[in-house]
Amino acid sequence: MNFSDRKVFSNDLLSHHVYSMETRGYNLIEDFFSIEECDKLKGYLQHEIDTYKPREGSERSILDKYLMHDLISKQIEFGRTLEDPRLDQLLSSVIDENWIMYAYTSSSLPPKGTNYGSRVHVDSPRVIPGYPTNLGVIWALDEFTEENGGTYVLPGSHHSKTLPTKDYFDKNSERLTCKKGSLIIFNARVWHRAGENVTNKFRHSLTMNICLSLIH
């Protein structure tokens, strides 16, 4: 697999992306990966899930059953996704050209189930108004639908340091659904959660979190 030869995005697309990130706190771009690329990466991910063994006596290890960590150290194809110049464009235009990856994981919703990411949460504790320090990335390896959960986000919530109540989140959040191969980028201060999968198949995605180099 080779992601390094992708044609970079236009200035118009980048302007739309930056505005969406500043206002809503997230952006969705379809057709980022091909169906064939998704299926190949999904095969590697499913292998990691099938062979995963929680650490005895560790509650977090059990909670992380469908959130595979450090994937780039387990299969080189995951690491090659970072060579995509379009990804760097999208991240650098919002945060800084010297961003640092601090987590490369996954988020898979099992058949008729959820995972630890299905709780309402943010991915960064830092709140600096108008100054994003952390971004999240989701590569959708399956179509995100209402039936298999999608991902819920609370638009504009990165502007507030207040924890929304569950009732407020449920009434005002937006469920993101998208085509297989789509990319979602969001401010790590946006309150969000994975949905519930009511189908008989997994819903797979790769995830990454990055931060400013000065925070590392």
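Now for a look at the structure at hand. Starting from 1, residues in each chain are numbered consecutively following that chain's sequence as written. Given that the model is predicted, a residue must reach a pLDDT of at least 70 before its local features are reported, and side-chain atom pairs must reach 80 or more before they are shown or counted; all residues, however, enter totals for whole chains, interfaces and linings. Derived side-chain values reflect all non-hydrogen atoms in the structure, with water molecules and hydrogen atoms excluded from consideration.

Notes on the pattern of salt bridges
Under the convention used in this document: Salt bridge criterion: a side-chain nitrogen from Lys or Arg within 4 Å of a carboxyl oxygen from Asp or Glu. Relative accessibility decides the category of a residue: with a 1.4 Å probe and only protein chains considered, values under 20% of the type maximum give buried, values over 50% give exposed, and everything between is partly exposed. For helices the rule is a DSSP run of H or I covering at least 4 residues; for strands it is a run of E covering at least 2, with both sets numbered from the N terminus onward.
This model, assessed by the stated rule, comprises eleven salt bridges. Here Asp 84 and Arg 86 are joined by a salt bridge, their closest N and O atoms 2.6 Å apart. Neither residue differs from the other here; Asp 84 and Arg 86 are each classed as buried. Taking the shortest distance from any N to any O, the salt bridge between Lys 171 and Asp 167 comes out at 3.4 Å. Here Asp 167 and Lys 171 lie together in helix α6 (residues 166–172), a separation of four residues that amounts to about one turn. Here the salt bridges share partners, and the residues they tie into one network are Asp 39, Lys 42, Asp 142 and Lys 180.

A closer look at the layout of surface pockets
If a probe as big as a water molecule is rolled over the atoms, it shows which places are left empty. Applicable threshold: A pocket here means an open set of points on a 1 Å grid, computed over the protein atoms alone, that has protein on both sides within 12 Å along at least five of seven lines. A cavity is instead a set of points where a 1.4 Å probe fits but cannot get out; residues with an atom within 4 Å of a point line either one. Grid points are joined across faces, edges and corners, and a volume is the space filled by probe spheres set on the points. Under the scheme applied, nonpolar residues are Ala, Val, Leu, Ile, Met, Phe, Trp, Tyr, Cys and Pro; charged residues are Asp, Glu, Lys and Arg; polar residues are all the others, including Gly.
If you add up the space inside the largest pocket, you get close to 520 Å³. Taken together, 29 residues make up the lining of the largest pocket; nearest its centre are Thr 105, His 121, Asp 123, Thr 207 and Asn 209. Mapped by element, the contributors of at least two residues to the lining of the largest pocket are β2 (100–106), β3 (134–140), β7 (192–194) and β8 (205–211). In the lining of the largest pocket, the residues fall into eleven nonpolar, twelve polar and six charged. Considering only enclosed or pocket space, the second largest pocket measures out at about 290 Å³ in volume. Gly 130, Tyr 131, Pro 132, His 158 and Asn 187 are the residues nearest the centre of the second largest pocket, which is lined by 20 residues in total. If one sorts the elements of the lining of the second largest pocket by residue count, helix α1 (residues 11–23) sits on top with three residues. A class-by-class count of the residues in the lining of the second largest pocket yields nine nonpolar, eight polar and three charged.

Some remarks on the environment of Ile 128
Counting through the fold element by element, Ile 128 comes out in the loop between β2 and β3. Once the C-alpha coordinates of Ile 128 and Arg 189 are considered, the two residues, 61 residues apart in sequence, prove to be 9.8 Å apart.

A short note on unusual backbone geometry
One non-glycine residue, Asp 31, lies in the positive phi region at around 60°. Its place among the elements puts Asp 31 in the loop between β1 (26–29) and α2 (35–50). In this structure, Lys 112 takes a positive phi of about 55° despite not being glycine. Note on placement: Lys 112 falls in the loop between β2 and β3.

Quick word on α2
Under the convention used in this document: Under the convention used throughout, the expected extent of a helix is 1.5 Å for every residue step, that is, one less than its residue count. Starting at the helix axis, one direction is taken to each C-beta atom, and the arc is that of these directions. Contact between two residues is taken to exist if any of their heavy atoms lie within 4.5 Å; hydrogens are not considered.
Across its 16 residues, α2 extends 22 Å between first and last C-alpha, which sits within 8% of the 22 Å expected from 1.5 Å per residue. Looking only at α2, the buried set comprises Glu 37, Cys 38, Leu 41, Lys 42, Leu 45, Glu 48 and Ile 49. Buried residues of α2, viewed axially, fall in a sector of 125°; they line one side. Exposed and facing more than 90 degrees away from the buried side of α2 are Glu 36 and Asp 50. Buried residues in α2 make contact with α4 (76–80), β2, β3 and β8.

Focus: the environment of Arg 203
How we decide: Counting of polar contacts relies on pairs of N or O atoms within 3.5 Å, with two restrictions inside protein: one atom must be capable of donating a hydrogen and the other of accepting it, and residues adjacent in sequence are counted only when both atoms are side-chain atoms.
Residue position: Arg 203 is located in the loop between β7 and β8. The exposure class assigned to Arg 203 is buried, which follows from its relative accessible area of 1%. The spacing of Arg 203 and Pro 110 is 93 residues in sequence and 6.6 Å in space, taken between C-alpha atoms. When sequence neighbours within four positions are dropped, the list of residues in contact with Arg 203 reads Ser 107, Ser 108, Leu 109, Asp 142, Glu 143, Phe 144, Asn 148, Gly 150, Thr 151 and Asn 197. Here the side chain of Arg 203 touches Ser 107 through a polar contact of 3.1 Å, landing on its backbone oxygen. Polar side-chain contacts of Arg 203 include one of 2.9 Å to the backbone oxygen of Gly 150.

It is worth stressing that arrangement in space is one thing and function is another; only the former is reported here.
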